[in-house]
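Remarks on the overall topology
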Amino acid sequence: TKQTRSCGYESCHPTKPNMLNVHLVPHTHDDVGWLKTVDQYYYGDRNDIQHAGVQYILDSVVDQLLKNPDRRFIYVESAFFYRWWKQQSSAMQQTVRQLVNEGRLEFVNGGWCMSDEATTHYSAVIDQMTMGLRFLNETFGACGRPRVAWHIDPFGHAREHASMFAQMGFDGFFFGRLDYQDRSHRMARKEQELLWRASDSLRPPSADLFTGILPNGYNPPKGFCWDQLCTDPPIRDDPDLEDYNVDKVVKQFLIVAHNQQSLVYKTNHIIMTMGSDFQYENANMWYKNLDKLILYVNSLQATGSKVNVLYSTPSCYLQELHRANLTWPLKTDDFFPYADNAHHFWTGYFTSRPALKRYERISNSNLQTCNQLEVLGGPTSRNGPFGKGTSQTLKEAMAVAQHHDAVSGTEKQHVADDYAKRLANGWERCQVLVSNSLAALSGSASQRIYCDSLNISVCPLTESSRKFSVNVYNPLARPVVWPVRLPVNGTAYAVSDAKGRSVNCEVLPVSAATREELVFEAQAPPLGFTTYSVSLLEDGPPPAPVNRRTPSAIQNKFLRVTFDPDTGLLSGLSNLETQQTIKLTQNFYWYKASDGNSAASKQPSGAYIFRPNGTAPFPISKTAQTESVQVGGPLLQEVRQQFAPWASQVVRLYAASRAVELEWTVGPLPVDDNLGKEVITRLDTSISTAQYFYTDSNGREVLQRKTDFRPTWHLEQSEPIAGNYYPINSRAFIKDDVDQLTVVTDRSQGGASIYNGSLEIMLHRRLLYDDNRGVGEPLNEVSDIFPEGLVVRGRLLLSLDRPASAADTYRPLAEEVVLQPLLTFTDGDLHPNSELEVSDEFSGLLAALPPAVHLLTLTQWDESSVLLRLEHQFQSWESKANSQPVTVNLQKLFSTLKVLGVSELNLSANQWKDKMKRFDWTLHTVSLSRRAPPARDPSLWEVTLRPMEIRTFLLRV
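Throughout this document, residue positions are counted from 1 along each chain, in the order its sequence is written. Where local features are concerned, this predicted model is filtered to residues with pLDDT of at least 70; where side-chain atom pairs are given and counted, the filter is 80 or more; whole-chain, interface and lining totals use all residues. Each side-chain value is derived from all of the structure's non-hydrogen atoms; neither hydrogens nor water enter the calculation.

Moving on: the overall build of the protein chain. To qualify as a helix, a DSSP run of H or I must reach at least 4 residues; to qualify as a strand, a run of E must reach at least 2; elements of each kind are numbered from the N terminus. Counting its secondary structure elements, the protein chain contains 15 helices and 48 strands. The globule rule used for comparison is 2.2 Å times the number of residues to the exponent 0.38, while the radius of gyration itself is calculated over C-alpha atoms. In terms of overall size, the protein chain behaves like a compact globule, its C-alpha atoms giving a radius of gyration of 29 Å where 957 residues would be expected to give roughly 30 Å. For the protein chain, the spread of C-alpha atoms along the principal axes amounts to about 100 × 65 × 60 Å. Each residue gets one of three labels from its accessible area relative to the maximum for its type: buried under 20%, exposed over 50%, partly exposed in between, using a 1.4 Å probe on protein chains only. Relative to its 957 residues, the protein chain shows a buried fraction of 64%. Long-range contacts, defined here as pairs at least 24 residues apart, represent 75% of the contacts in the protein chain between residues at least 6 apart. Of the accessible surface of the protein chain, which amounts to about 34,600 Å², a share of 51% is contributed by carbon and sulfur atoms. The charge count includes Lys and Arg as positive and Asp and Glu as negative, but it does not include His or the ends of the chains. Charge positions are represented by NZ for Lys, CZ for Arg, CG for Asp and CD for Glu. For the protein chain, the separation between the mean place of its 94 positive charges and that of its 105 negative charges on side chains is 5 Å. Contacts were defined at the residue level, with two residues in contact if any of their heavy atoms lie within 4.5 Å. Note on areas: Shrake-Rupley with a 1.4 Å probe; residue coverage comes only from the protein chains shown.

Of all 5 residues in strand β19 (residues 505-509), 5 are buried, a share of seventy percent or more. Burial of β19 is two-sided: the residues Cys505, Val507 and Pro509 facing one way and the residues Glu506 and Leu508 facing the other way are all buried. Bridge analysis of β19 against strand β20 (residues 516-524) gives 5 bridges, and the strand direction is antiparallel. The residue of β20 that forms the bridge with Glu506 is Val519. Only when DSSP finds a minimum of two bridges between them are two strands counted as paired.

What follows covers the state of the cysteines. When two cysteine sulfur atoms lie within 2.5 Å, the pair is treated as a disulfide. Counted under the stated rule, the structure contains 5 disulfides. Paired through a disulfide, Cys7 and Cys143 show a sulfur-sulfur distance of 2.1 Å. For the disulfide bridge between Cys7 and Cys143, the dihedral angle about the S-S bond is near -75°, and by the sign convention the bridge is left-handed. You can see Cys7 sitting in the segment before β1 (20-26) and its partner Cys143 sitting in the loop between α5 (122-140) and β4 (148-151), a full 136 residues away along the chain. For the pair formed by Cys7 and Cys143, the shared burial category is buried.

The subject of this paragraph is unusual backbone geometry. Excluding glycine, residues mostly carry a negative phi; peptide bonds, for their part, are mostly trans. Here the residue pair Phe336 and Pro337 is connected by a cis peptide bond, since its omega of -10° sits within 30 degrees of zero. You can see Pro337 is positioned in the loop between β11 (330-331) and α11 (354-377). We note that Asn109 has phi near 65°; this positive angle belongs to a residue other than glycine. With respect to the helices and strands, the residue Asn109 is situated in the loop between β3 (105-107) and α5. The backbone phi angle of Gln691 is positive, close to 75°, even though this residue is not glycine. Residue placement: Gln691 occurs in the loop between β31 (677-685) and β32 (692-696).

Taken together, the 5 strands give an open sheet; going across it, the order is β4-β5-β7-β6-β11, and neighbouring strands pair in mixed fashion. Both edges of this open sheet fall to β4 and β11, since each of them pairs with a single strand only. Sheet analysis places β4 next to strand β5 (residues 172-175), joined by 4 bridges and oriented parallel. Bridging across to β5, Val148 finds its partner in Gly172. Note on geometry: axes are C-alpha line fits, over the in-contact stretch for helices, and angles between N-to-C directions span 0 to 180 degrees. Of the strands in this sheet, β4, β5, β6 (193-197) and β7 (208-213) are in contact with helix α6 (residues 159-167), which crosses β7 at around 115°.

Take the packing of aromatic side chains next. Paired rings are identified among Phe, Tyr and Trp, the last through its six-membered ring, by centres lying within 6.5 Å, and are further divided according to the angle between planes into stacked (under 30 degrees), edge-to-face (over 60) and tilted (the rest). Applying the stated criterion across every chain, the model contains 50 aromatic pairs. For the pair Phe173 and Trp196, a centre-to-centre distance of 6.5 Å together with 20° between the ring planes defines the contact as stacked. With Phe173 in strand β5 and Trp196 in strand β6, this pair connects stretches of sequence that are 23 residues apart. In terms of burial, Phe173 and Trp196 fall into one category: buried. Ring geometry for Trp328 versus Trp921: centroids 6.3 Å apart, planes at 75°, classification edge-to-face. Taken together, the positions of Trp328 in strand β10 (residues 327-328) and Trp921 in the loop between β45 (901-905) and β46 (922-923) put the pair 593 residues apart, joining distant regions of the chain. Residue Trp328 shares its accessibility class with Trp921, and that shared class is buried. Ring pairs connect the aromatic residues Tyr75, Phe81, Tyr82, Trp84, Trp85, Phe107, Trp112, Phe135 and Phe140, which therefore count as one cluster.

A word on the environment of Pro329. Counting through the fold element by element, Pro329 comes out in the loop between β10 and β11. Spatially, the C-alpha atoms of Pro329 and Phe558 are 47 Å apart, while their sequence positions differ by 229 residues. With residues near it in sequence (within four places) discarded, Pro329 still touches Glu191, Glu193, Leu194, Leu195, Lys266, Leu923 and His924.

Moving on: the packing of helix α3 (residues 78-86) against helix α4 (residues 90-101). Between α3 and α4, the shortest axis-to-axis distance is 10 Å and the interhelical angle comes to 135°. Put simply, α3 runs oblique to α4. Contacts from Phe81, Trp84 and Trp85 of α3 reach α4 at Met92, Gln93, Val96 and Arg97. Comment on the angle field: the value is read as roughly parallel under 35 degrees, roughly antiparallel over 145, roughly perpendicular from 65 to 115, and oblique elsewhere.

Attention shifts here to the pairing of β20. A large share of β20 lies buried, amounting to 8 of its 9 residues. Pairing of strand β16 (residues 480-488) with β20 involves 9 bridges; the strand directions are antiparallel. The residue of β20 that forms the bridge with Val484 is Phe520.

Turning our attention to the domain arrangement of the protein chain. Domain boundaries in the protein chain define domain 1 (16-335), domain 2 (585-818) and domain 3 (845-956). Taken together, the contacts link 38 residues of domain 1 with 34 residues of domain 3. Once two parts are brought into contact, the accessible area they lose, counted with a 1.4 Å probe and summed over both, makes up the buried area. Summed over both partners, the interface of domain 1 with domain 3 buries about 3,400 Å², with 53% contributed by carbon and sulfur atoms. Nitrogen and oxygen atoms within 3.5 Å of one another constitute a polar contact, given that in protein one can donate a hydrogen and the other can accept it, and given that sequence-neighbouring residues count only through two side-chain atoms. Joining domain 1 to domain 3, the criterion identifies 17 residue pairs in polar contact (both at pLDDT 80 or more). Those elements that place two or more of their residues in the side of domain 1 that touches domain 3 are α5, α6, β6, β7, α10 (314-323) and β10. Under this grouping Gly is polar, as are all residues other than the nonpolar Ala, Val, Leu, Ile, Met, Phe, Trp, Tyr, Cys and Pro and the charged Asp, Glu, Lys and Arg. When its residues are assigned to classes, the side of domain 1 that touches domain 3 shows 19 nonpolar, 10 polar and 9 charged. Throughout, the edges of the domains are those of an automatic or database domain assignment.

Here's what the structure looks like:
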């Protein structure tokens with residue numbers, strides 16, 4: 001049967017120009033894991049925790065849509081829809097296609113999940129959106145393409161998300177949560193709908209996004225919830241039965257509609273979200289009452305009522321706002337931090353579950369490596385000497401982990417365990433692929449061993465073997481120098497590189513343990529690998545001695561770090577190249593968490609909310625016990641600081657590094673005093689910051705922050721600490737005219753600059769009370785491995801530069817932490833069979849990419865094509881050297897791939913770039929920042945990237 005197509009904007013119900021049109025949007029908000037795991041939610045398992053079963057919701061909604069062609073429904077989370085779709089008969093699939101083609105079932109947002117905005121990295125968000133949108137595109141074609149982004153539940157909104165959504169082709173964006181002061185300010189001015197300019201580098205309107213703030217979060221108006229989970233009275237419309245209530249319901253509805261429109265929105269159209277968490281499991285209850293509501297409210301039009309109610313979707317509502325042809329206010333900052341009341345700042349989750357946050361970030365690095373090696377190794381990588389490998393399991397696990405109750409740390413403990421398990425299982429499947437690919441590229445089929453516990457100095461192979469080799473794969477498109485640290489049992493080793501040359505190495509005692517670590521610096525080629533051979537020396541020199549005295553300074557050719565001999569703390573940092581020096585002290589502190597018991601602190605700190613009891617944090621110790629290891633060679637120096645049995649740090653300076661590494665270990669946080677603790681490290685400097693500091697947005701553009709200030713309204717600050725915390729994804733910095741101190745983080749964390757010249761970062765939290773936002777358990781991470789509480793380890797990288805050139809150091813540095821080299825190991829001789837043609841070094845690129853260009857995505861798309869994303873990683877104002885356009889030749893990029901054809905796509909790879917059209921919007925004020933039209937590429941194969949531009953290509957290879 002030929003299917004009719006009138007989806008998208010064509011399928012909207014007609015509205016009435018001289019009336020108030022009320023757009024009723026039936027929807028369900030289905031968390032991809034929160035109180036239950038994603039699969040428990042899908043099946044409706046563990047209903048003792050929460051009554052919710054997504055498979056029944058979709059069964060019920062489809063059934064009810066078929067009963068009345070006027071009805072509409074929107075669906076959001078592709079992770080769930082994909083699970084349901086796979087289980088349907090072909091007849092049911094055909095029926096659903098018809099509903100989609102007629103616009104009766106519409107997808108909005110469409111990513112695998114509705115991602116968190118504070119703690120996610122842009123590369124993982126792009127991946128999860130691409131995955132969901134690809135599924136919709138391949139299943140439903142153009143009618144499956146969402147027109148609107150829909151983030152109704154995330155706890156604050158990032159500018160980079162808006163920029164990405166604009167580049168993905170969305171016409172508009174709706175969300176539910178914003179700061180209570182911001183909302184009342186916007187309501188008073190009728191500015192709840194606005195144009196968000198989400199980049200200071202991309203030429204408008206490419207990162208402009210029309211943004212609407214929904215009236216009731218994402219719930220129905222009070223009194224109009226007709227789900228089986230609700231208790232509002234149904235419409236009782238038989239006058240012969242008791243409690244006839246049609247007139248009362250209609251009257252109440254008209255009051256709600258008029259209040260919403262005349263007071264706070266500016267067109268004759270308003271939207272009402274008719275649904276909430278896991279609603280519509282019995283869709284008949286909702287639709288039966290909505291049908292009646294529409295019938296009875298609209299019947300009053302005959303007697304002069306000016307209200308018209310209709311089934312609608314967010315895109316149909318957006319279309320009416322666009323047709324209204326009004327001017328809209330402009331916003332250029334973001335929507336962090338979010339508070340729902342004077343003492344309720346949702347800034348704790350920026351750090352909650354720090355181990356999960358780090359594991360998610362490592363998993364992203366592993367996934368990108370896996371994707372790249374699948375392309376470079378060819379079909380053998382999926383089916384080779386080590387069996388069948390796949391990247392799909394890790395792709396799905398990573399996509400689920402971006403959800404706003406996953407990497408955010410706001411889920412129950414058993415759900416956090418499930419996310420981590422999914423990532424581990426995905427990586428296991430990827431390891432087979434990586435082994436196959438490396439075998440194909442190197443010609444050696446020796447078994448490869450993975451050591452995923454190097455962060456705790458555990459690797460059974462290196463600890464027991466007398467001879468082994470290390471393969472270092474670099475996922476970046478430029479060469480890197482990377483410190484390799486391996487746990488060993490011997491005291492002296494010889495290390496040689498791929499060309500057989502001897503490499504400087506040292507054996508160091510592991511802090512507070514009887515084991516040793518072998519350290520050497522590896523140099524890996526771009527998008528490729530190199531191999532190092534390691535062998536035990538029988539009678540080599542003893543390991544480097546440990547000195548119990550605090551050294552006055554450690555230095556390499558770039559940096560000098562000084563210590564205070566009395567306290568053992570850092571005292572200064574110098575950049576020897578630029579000849580600049582700052583005073584710098586660093587220590588660890590903890591905030592006492594409010595417990596919610598006292599009258600003054602009804603709101604406790606919890607997984608979401610940061611509510612310290614008082615503004616002054618307690619130092620863990622005013623001094624550090626130190627010991628230093630200054631190795632004989634120029635390789636590295638380190639100073640080890642112990643602050644308490646549960647807090648220590650190693651300050652490291654490697655020979656080739658322009659950054660000081662602070663490796664912190666915190667936990668288990670002691671709670672025997674019944675006090676929840678939130679641990680920070682604070683850097684206090686001589687830099688004159690004048691209340692300003694800077695944080696990245698989802699790992700990309702940098703935003704200026706100011707203490708006790710919001711750019712768009714007059715802030716009444718009620719929480720001087722928590723109300724000044726912002727999300728840090730990969731870096732934060734403080735600066736004045738001459739000095740800039742940048743901190744690169746290895747995971748998402750919360751941070752603030754409370755005092756002049758200071759920057760604090762929250763590292764770990766352990767809390768004893770639930771914060772009453774729904775998760776229903778305190779953030780108190782204990783397990784079999786950590787019965788006393790979670791121990792977390794991480795790294796901060798500090799660099800000191802002139803502000804004008806700081807980005808030249810911190811951009812590549814942050815990128816190296818996000819996409820770190822993958823180490824794999826083989827036991828014994830590297831080439832036991834010398835007849836084979838083997839290659840110890842390989843690069844997938846013909847030449848390294850220029851410093852401004854980052855290879856963001858290289859992944860197999862189908863049999864004969866590859867998805868490539870190239871990114872200009874500098875903002876337009878950031879660097880004299882690198883904030884310039886750069887041209888790359890796609891045919892001269894890869895060493896093992898012949899590029900036969902190229903087509904450009906939008907950011908989410910679900911539309912051809914030249915076919916992508918979006919709504920235009922008019923601003924209140926004439927914008928002066930419209931620049932000249934974009935320059936053309938020099939040729940089909942030569943593509944030019946401008947500051948902060950990401951370009952997405954499908955390559956036929």
